[in-house]
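Per-entry structural report
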Amino acid sequence: MKHNRHILPLYLIGLVALVVVGMTSCSTSKNTFPNRVYHNVTCRYNVFWNGKQSMKQADAEMVKLSKDNYTTTLPVYNYPDKSELGPALPHLDRTIEKSSKAIYKHSMLIKGKEYVKTIDDAYLLMAKSYFHKQDYSQAQRVTSYITHNFPKSNSFNEAAVLQARTAMRQGYYASADEQLENLHYLSTNKRNKKFNVLFNAAKAEYNLTAPDGDVQEAMDYLKNAIGAHPEREFKSRLHLILGELYENQGQQEEAKKNFYKVIKQSSTYEMVFCAQMHLARNYDGTASSRNTIMRQFKKMLEEKKNEDFKDQIYYACSEIARIDENDTLRKNYLAKSVAAYTNNNYQRTFSSVTLADLYFEDNEYRKAQAYYDTAALTIPKNYPDYELVMKKSGVLKDLVTKLDEIDLQDSLQRIAKMSESQRQAWVRKMIADYTEAERKAAAEEAERMLALQNASTYTNINVTSSNGKWYFYNQSLVTAGQQDFYRRWGNRKLEDNWFISNKQQISFDDMAVMNDPSLAADSVEYDEDGNPIAKRETDPKKEAYYLQDLPLTPGAMDTSNTIIAKDLFEVGYIYRDMLQDIPRACASFESLVQRFPESEYALPCMYLLYTIYTAQHDGKADNYKQIILTQHAGTDYAKLINDPRYYEKLAENEKTLERRYEQVYDDYTQKNWSAVVQASDAAIPQCVDPTLKAKYSYLRAVAAGQVYNQDTLIRGLNSVVTNFPNEPVAELARIYLSNFALEQVASITQTMASDSMASDSSTSIKGLTQTNQPGGHSFVFNAGELHYVILLVKTAKLSVQTVKQNIINFDNTYFSLQHFNISSFYINNTQQMVTVAKFNNKESTMDYYNILCKNENFASDIANGNIIVYPISASNYTTFYNKVNERPAYEQFFKDNYLDKQ
């Protein structure tokens, strides 16, 4: 007690001292002892401490977001896609806020010297936050400030390395290399283990990502980083990367050493599993090695803990088959790998693309298309050859769709050509087959329900067995339940509405109709004249279901033949131009010529066959040449055979006509009407390009109206509209025709001929093709312009006030450091436009757009079309608002200029 009596006064003295310091220590500009104590203590244990806690939360979220792709060599650091950063952004923004507050309130920078020791740490924390946000320009700015103003601080080394990594992420590899080389002398100090880990890891990252990187140097730096004793998981990661690099170089023994270290050290099962798979793939091609590895794979497939890794195991089996050059077995294992998918998007993509490529090489296009289509579901945009994969997927999808249409029409024609009795017998067989299949399905369902009922009874009796085990601790019951579930539902992912196989094609309205068919909307369809179209039969047990699409009339048969001919022509083009499969292209073209010699596609096919066989020095070329020259002598194809430079001459003539058009337009502006009419009459028959021909025709119509009379003018304008309906000048002609009235003829004619219309109007005939953008709109792309985000909200479905409040909550959560203005107004009777303003450029706008579209408060309404979201520049915003007719064109403009091309 005596001892405690002495301590108490010390506590009181200390408390009084702190109070005094607190009362007097407010200034950051006076270098006094109380000020330094106050700001150092308050900064470290209050604001800065809160910032560090937020950073820890951000780091935890980043770990969840960082999904490694084990199908390729791991990167030194994993950078999540920027659009996926949403869950981490609030913590990162709070870290920046706290760091800024620590600097603003507590920095004592007096005469170039900082007296608060944690200020440099606050700057570093801020830089890390910007780096994780992938706001690399801000990260570069802050790290540069640290390296220039705190060269002797504890934060300098880490900031300098982060500055180099930031340059790498920006693609400035030369700058990154220079910065790292300037730090090389510091790595000689082996006692600074943290810096040595960061420095050597950064050098390894540089050599694995830079265009001039050296893999061998990367391996040396990885060894140095491992030798500096990094944290356990990062060390395992570096061992795995080093093992993969050794494996790529064929140094299997060194690779094994690193993989074994991963298995021994890592606590992450995915990484351990990856190392085990690499060890298992060390196959030397011998029978004994194959048997050993396949036994190991079989054992791994049987282990319950590997349920989510079966896709990787099957892929490893396919690699054994690849080494054995057994393509059939390899395809089989790859198919199993795709089918075993649970949650590894990388592996499904990799296995699907590999299998699709094999089928593509073997010209098995239907199978290739199916697996490219599967890959397209989950392929990341940074996947190697992403554009090529997506192109193949699109081309083959188009090909298979047309081949299926040809097969369908051929089948329908075959059945239509049957006798009435044969056709009726076929229909009865189809109905009988369907009825039998339905009966079997019902019997299996009844058997399944009986088994489920028995299992349920058994479960109810044995929920707690004699030894006290609950149902889910009884492995036999759990296994039986799983098997029954798989029989009924298949392998379903655990998620909301797991029982719906295609969630994108069902809505609450659909569910309501399922429960009450009376709620179904009127499904009657109408033709162009407003007459109801006969409702299609949907019951497979009725004869009409099988007869409704048969081409039983001459007109229907002609339509079916036209569809087949068109598809054969397009299929041939795909084979020739997209797939370079010349034999199949020829087969498709020849089938069209033989089956439909009167088709509009027959002549182009014959010319294409002529060119193909000529290049192959095949005698068939002469056959098609003679047919074209004798039966189609006046066509362009015949002229092109006789004169290979025919199209070149046409192009030269077209250029001459374009130059002549400038002179004609000058005559037009000078009101030399007769000269315009004469020159146009000479040029129009020679024009091949419809746009140029339309412009000549328009000038002639206006000039002839001046030379002759109003009837000539009206006829000329009507001719432009009729012959060139889709050309820009046709819209001008329509505008003027719509304004014609008998009492206005003279004034409108004068207006159309005036200099103002000819030279100053934004829609003048000379400027039409220059001022209007492709697709008939006037939107202009400028990535560096100020931008907005607009949300078009269906007011019948959603409350705009609720949407605006959700945006405010979203901004406060994910963009708390920025301040946006939110406004709304009606743009038509059914939609309000909510505007979020403003953003510096396209890049910052797209960051906001990507995270917003994935937010749970908006995603479902965006998917259902209740909300449409667009980034839009300030100038295009004005155009979108003022030009109502151009609004529909913005969607395609947005896809072309803001979304990555697919």
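The paragraphs below set out a description of the structure included in this document. No experiment lies behind these values; they were computed from the predicted model shown.

**Topic: the overall build of the chain**
Tallying secondary structure elements over the chain gives 40 helices and six strands in all. When the 902 residues of the chain are sorted by exposure, 42% land in the buried category. Within the chain, contacts between residues at least 6 apart in sequence are counted, and of these 61% link residues at least 24 apart. Accessible area of the chain: about 50,600 Å², with a carbon and sulfur share of 51%.

**Some remarks on the side chain of threonine 378**
Turning to its location among the elements, threonine 378 is positioned in helix 17 (residues 365-378). Engagement of the side chain of threonine 378 in a polar contact is seen with the side chain of threonine 349, the distance being 3.1 Å. For threonine 378, the residues in contact, after removing those within four places along its chain, are Asn345, Arg348 and Thr349.

**A closer look at the pairing of strand 3 (residues 787-794)**
Counting buried positions along strand 3 gives seven out of eight residues, so the element sits mostly inside the fold. Summarising the sheet, strand 3 and strand 5 (residues 831-839) pair through eight bridges and their orientation is antiparallel. Paired with lysine 794 across the strands is glutamine 831, a residue of strand 5. Here strand 3 runs beside strand 6 (residues 867-873); their pairing, made up of seven bridges, is antiparallel.

**Quick look at a positive patch on the surface**
Where like charges cluster on the molecular surface, the positive patch consists of Arg44, Lys52, Lys56 and Lys117. The topology assignment puts lysine 52 in helix 2 (residues 33-65).

**A short note on the packing of helix 9 (residues 215-227) against helix 10 (residues 232-248)**
Contact geometry of helix 9 with helix 10 gives a least axis separation of 10 Å together with a crossing angle of 150°. Between helix 9 and helix 10, the angle falls in the class roughly antiparallel. In the packing of helix 9 onto helix 10, the handedness of the crossing is left-handed. Facing helix 9, whose interface residues are Val215, Met219, Leu222, Lys223, Ala225 and Ile226, helix 10 presents Lys235, Leu238, His239, Ile241, Leu242, Leu245 and Tyr246. Of the residues assigned to the contact of helix 9 with helix 10, the class counts are ten nonpolar, one polar and two charged.

**Let's talk about the pairing of strand 5**
In regular strands, side chains alternate between the two faces of the sheet. Across the nine residues that make up strand 5, a large majority, eight, are buried. Here strand 4 (residues 821-826) pairs with strand 5 via six bridges, running antiparallel. Its bridge partner being in strand 5, asparagine 821 is matched across the sheet by alanine 837. Where strand 4 folds back onto strand 5 in an antiparallel hairpin, the turn is made up of four residues.

**Quick look at the pattern of salt bridges**
Under the definition given, this model contains 35 salt bridges. For arginine 366, the salt bridge is made with aspartate 404, and the minimal N-O distance between the two is 2.4 Å. On the criterion of sequence distance, the pair formed by arginine 366 in helix 17 and aspartate 404 in helix 18 (residues 386-416) is long-range, its members being 38 residues apart. What emerges from the salt-bridge pattern is a single network uniting Lys331, Asp362, Glu364 and Lys367.

Definitions and cut-offs
- Residues numbered from 1 in each chain as written.
- Predicted model: local features only at pLDDT ≥ 70, side-chain atom pairs only at ≥ 80, totals over all residues.
- Heavy atoms only, no water.
- Helix = DSSP H or I, 4+ residues; strand = E, 2+ residues; numbered from the N terminus.
- Buried < 20%, exposed > 50% of the residue type's maximum accessible area, 1.4 Å probe, protein only.
- Contact = heavy atoms within 4.5 Å.
- Areas by Shrake-Rupley, 256 points an atom, 1.4 Å probe, with all protein chains shown as cover.
- Polar contact = N/O pair within 3.5 Å; in protein donor to acceptor, adjacent residues only side chain to side chain.
- Pairing = 2+ DSSP bridges.
- Patch = residues over 30% accessible without salt bridge, like charges linked within 9 Å, V, L, I, M, F, W, Y side chains within 5 Å.
- Salt bridge = Lys/Arg side-chain N within 4 Å of Asp/Glu carboxyl O.
- Lys, Arg positive; Asp, Glu negative; His and termini not counted.
- Charge placed at Lys NZ, Arg CZ, Asp CG, Glu CD.
- Axes fitted to C-alpha atoms, helices over the stretch in contact; angles between N-to-C directions.
- Parallel < 35°, antiparallel > 145°, perpendicular 65-115°, else oblique.
- Left-handed = near helix turned anticlockwise from the far one by under 90°.
- Nonpolar A, V, L, I, M, F, W, Y, C, P; charged D, E, K, R; others polar.

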